[in-house]
Each structure stands twice: as structure tokens, then as C-alpha cells.
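# Overview (structure and organization)
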Amino acid sequence: MISNKTKQYLTLIIKLIIVFGAFYFIYDKLAHDEKLSWKQFSDILQHKFTIAWILFMLCFSVLNRFLEILKWKNLVLVIEKISLYTATKQVLAGVTAGLFTPNGIGEYAGKALYFPKKETKRVLFLNLICNGIQMVLTVLFGLIGLFYLGYYTYFYVLLGFGILLLTFLFLTKNATIKGYSIALFFEKIQEIPKKIHQKNIILAICRYLTFSHQYYFLFLLFGVDIDYFTLMATITTVYFIASSLPSFQFLDFVVKGGVAIWFFDKLNIDEYIVLFISTFMWLLNVVLPVLIGSYFVLIFKTDKPINNV
């Protein structure tokens, strides 16, 4: 048996690895990415961004993460009622833990640590529901964007692939792997009260509209003169394609930036504008929450009871 003192030291080491790892990846990406010119970045901030505009953009980032916190607080009602502060702590610590894991997988473990071990499976399941609805919306809006922009070949190929995948899942829904099946998964979904599902969907839609319009207003700031629907369709397409690619959160702006450059080039938008906006979105919506989440990771205590309302 491992002594309590040893557990405390191991917990401290893990927390330090997560926090210092997160800071290192952020620093490394910002300091050594050859595509980023910090002189140009500084010039743009001085000439394009007023205090009012920065506060305006920050409001979008705060609202984006706040809606995610409300989603989590709503879903956790399946297990117990938690305070807004507790939900905030769990979400931001999860974001920090997921920074340098593939597709943010570490976020699942980060949240699960705040609950008793017997609830681990339910916490992981709820986090899957939380992120799953966001991915569904990303796919739906992305397909609409592809169709609106006239990428019919991509649209029909992806739609056909989606139909084939759904058909395969339906035909194999009763197949079990280590006691789990797709049918069982949907049964578990149905066990969650409809009111919780409805609220989760509404909050997810609001969150999607929040970060996509943050992207939109940044383009307006740079004087991009393209009609609303074309620009928004391109934004939804970029998010769809970028989210479909395996990545790490600390590489998020590189992946989204690369995809964005390809699509926005079709609209004759300068590469430096697209890259700057992708970087700025990453700083506001990933780096800032990670900096705050690092504090919650450091003060985390395994023997501390959950703060209920």
C-alpha cells in the first residue's frame, strides 16, 4: 500500500508536470513558430486594437467559456448539484490537463479527479456528452457552410460518409466490446432527463455562435469586406475541417490556421490576417483559460470533498 505522504508527493509531482508542461508548450509555440512575426503582431495590436476592441473580444472569450461551464454544471446534475465555482474549477482544470494530450483527452481525466472513483465512468460519459453535442453542431454547421460555398463534391462525399457511418453503427448497435455496445450507450443517454439534454443543446448552440462570431468580428476589425453569410459559412467550414483532424490543443491555432489560410485564400484574404486572427483566437480561448486553470490544478487536493451547493 502507498502511504498518504507518498500519495501527496505523487499528486504534487503530477500537478507540477501538468502546469509546467502546459506553460512550456505555450511558450515553445509562441517563441519558436516561424510563421509568427512578433514585430508584426505588436504593430497590429498598436494600430488595429483599441482597449475597447480588446475588451469586446475578451467578452466573447469569457462568454464562450462561461457557457461551457454552464453546460458542465447542467450535466453534472445527473450525479449531484454543484456550485458555479466548482463547475468553473473543474472545467478550467480539465482544459489545462487536456492541453498537451491528443484532442484534449486529458480533459476527461482532469474532471474525473474531482469526483469519487465510483463516479469515474459517469463523469467520463457526461464529458463525452458535453463535448459530443459541440462536435455534432460543428459538423452540421460545417456541412451547411460547405454547401453554401459551393463545395458540392466535398459536401456530398462527407454526407455520404456520414450516412454510411450511421448505417454501420445502426447495424452493429448490439455488438458488444468488453460488455459495452452502441445500444447500451444510447440507453444511457436516454436515462438523462430531457430537460438536461434540452438545456445542453441550447447552451451548445449559444457557445458555437459565440466563438464563431468572435472570429467574424475579428475579420471586420481588419477591414475584410465580405458579405455576412459567405464569411460565416467559411468560418463554420474551417471549424468543421480543423476539428476533424487529430491534433493537440497547444497546436490548435496551427491546425486551424493552416486550414483557415486555404479556405480564406479563396476569398482573397491576406494570409497574415488569417494567421494573426487564428493566433489571437487561440490566445484568448485556449491560453487564457489554461493560465487560470493552472491555478486550480495547483490547489487541487485529492482528499478534499466536493463543494456542493
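Residues numbered from 1 in each chain as written. Predicted model: local features only at pLDDT ≥ 70, side-chain atom pairs only at ≥ 80, totals over all residues. Heavy atoms only, no water.

## What to know about the overall build of the chain
- Looking only at helices and strands, the chain has 12 helices and zero strands in total.
- When the helices and strands of the chain are placed in sequence order, the string is α-α-α-α-α-α-α-α-α-α-α-α.
- Within the chain, buried positions represent 46% of all 309 residues.
- Long-range pairs, those at least 24 residues apart, make up 75% of the contacts in the chain with a sequence separation of at least 6.
- Put simply, the chain shows about 17200 Å² of open surface, and 69% of that area lies on carbon and sulfur atoms. (Helix = DSSP H or I, 4+ residues; strand = E, 2+ residues; numbered from the N terminus. Buried < 20%, exposed > 50% of the residue type's maximum accessible area, 1.4 Å probe, protein only. Contact = heavy atoms within 4.5 Å. Areas by Shrake-Rupley, 256 points an atom, 1.4 Å probe, with all protein chains shown as cover.)

## Concerning a nonpolar patch on the surface
- On the surface, a nonpolar cluster with roughly 500 Å² of combined accessible area is contributed by Phe147, Tyr152, Tyr156, Leu159 and Ile163.
- Inspection of the secondary structure assignment puts Tyr152 in helix α7 (residues 152–171).
- Look at Tyr152 and you get partly exposed, because its relative accessible area is 43%. (Patch = residues over 30% accessible without salt bridge, like charges linked within 9 Å, V, L, I, M, F, W, Y side chains within 5 Å. Salt bridge = Lys/Arg side-chain N within 4 Å of Asp/Glu carboxyl O.)

## With respect to the nonpolar core
- Judged by nonpolar contacts, the single largest core of 37 residues is most densely connected at Tyr215, Phe219, Ile235, Phe264 and Ile277.
- Contributions of two or more residues to this core are made by α3 (51–75), α6 (120–149), α9 (194–221), α10 (228–244), α11 (252–265) and α12 (271–298).
- If sequence neighbours within four positions are ignored, Ile277 has contacts with Tyr215, Leu218, Phe219 and Phe222.
- Judged by nonpolar contacts, the second largest core, of 31 residues, contains Ile79, Leu92, Leu99 and Ile192. (Core = buried A, V, L, I, M, F, W, Y, C linked by side-chain atoms within 4.5 Å.)

## Quick notes on the confidence of the model for the chain
- Per-residue confidence for the chain gives a mean pLDDT of 81; residues scoring 70 or more make up 76%.
- Per-element confidence in the chain is highest for α9, whose mean pLDDT is 94, and lowest for helix α1 (residues 4–32), whose mean pLDDT is 54.
- When the criterion is pLDDT under 50, residues 303–309 qualifies, and its contacts beyond four places in sequence or with other chains add up to 17 contacts. (pLDDT = per-residue confidence, 0-100.)

## Points about the packing of aromatic side chains
- For the coordinates displayed, the defined rule picks out 27 aromatic pairs.
- For the ring pair Phe56 and Phe60, a centre distance of 5.0 Å and an interplane angle of 85° mean the geometry is edge-to-face. Of this pair, Phe56 and Phe60 both sit in helix α3, four residues apart, which is roughly one turn of that helix.
- Look at Phe60 and you get buried, because its relative accessible area is 13%.
- Here the aromatic residues Trp53, Phe56, Phe60, Tyr148, Tyr216, Phe217, Tyr228 and Phe229 are joined through ring pairs into a cluster of three or more.
- The ring of Trp72 has Lys111 sitting right over it, with the charged end atom 4.1 Å from the ring centre. (Phe/Tyr/Trp six-rings, centres within 6.5 Å; stacked < 30°, edge-to-face > 60°. Lys NZ or Arg CZ within 6 Å of the ring centre and 35° of its normal.)

## A few points about the pattern of salt bridges
- Tallying each qualifying case throughout the model produces four salt bridges.
- Residues Glu68 and Arg207 are paired through a salt bridge, measuring 3.1 Å at the closest nitrogen-oxygen approach. In this pair, Glu68 is assigned in helix α3 and Arg207 in helix α9, connecting sequence segments 139 residues apart.
- Take Arg207: its relative accessible area is 12%, and that puts it in the buried class.
- The salt bridge involving Glu107 is made with Lys111; its shortest N-O contact spans 3.1 Å. Taken together, the positions of Glu107 and Lys111, both in helix α5 (residues 106–112) and four residues apart, correspond to about one turn of that helix. Exposure class is identical for Glu107 and Lys111. Each is buried.

## Some details on the environment of Leu231
- In this fold, Leu231 is placed in helix α10.
- Expressed as a C-alpha distance, the spacing of Leu231 and Tyr215, which sit 16 residues apart in the sequence, is 9.7 Å.
- Other than its neighbours up to four places away in sequence, Leu231 contacts Tyr216, Phe219, Ile226 and Phe264.

## Here's the deal with the UniProt feature "transmembrane region" (unreviewed entry) in the chain
- The positions that UniProt labels "transmembrane region" (unreviewed entry) are, in the present scheme, residues 9–27, 47–67, 124–148, 154–171, 215–242 and 272–300.
- Along residues 124–148, the helical share is 100% and the strand share 0%, with 36 Å between the first and last C-alpha atoms. (UniProt positions renumbered as here; feature names shortened; annotations may be inferred.)

## Let's talk about the packing of α6 against α10
- Close contact between α6 and α10 brings their axes to 7 Å; oriented N to C, the two are set at 130°. Here α6 is positioned oblique relative to α10, judged by the angle of their axes. Considering how the two elements wind past one another, α6 and α10 form a crossing that is left-handed. Counting all contacts with α6, which are made through Met135, Thr138, Val139, Phe141, Gly142, Leu143, Gly145, Leu146, Tyr148 and Leu149, the residues of α10 involved are Phe229, Thr230, Ala233, Thr234, Thr236, Thr237, Tyr239, Phe240 and Ser243.
- Here the residues of the contact of α6 with α10 sort into 11 nonpolar, eight polar and no charged. (Axes fitted to C-alpha atoms, helices over the stretch in contact; angles between N-to-C directions. Parallel < 35°, antiparallel > 145°, perpendicular 65-115°, else oblique. Left-handed = near helix turned anticlockwise from the far one by under 90°. Nonpolar A, V, L, I, M, F, W, Y, C, P; charged D, E, K, R; others polar.)

## Let's talk about the side chain of Thr279
- Secondary-structure assignment places Thr279 in helix α12.
- Classification of Thr279 by relative accessible area gives buried; the value is 0%.
- Looking at Thr279, its side chain comes within polar contact range of the main-chain oxygen of Leu275, at 2.8 Å. (Polar contact = N/O pair within 3.5 Å; in protein donor to acceptor, adjacent residues only side chain to side chain.)

## Focus: the environment of Glu119
- Structurally, Glu119 can be placed in the loop between α5 and α6.
- Once the C-alpha coordinates of Glu119 and Ile79 are considered, the two residues, 40 residues apart in sequence, prove to be 7.9 Å apart.

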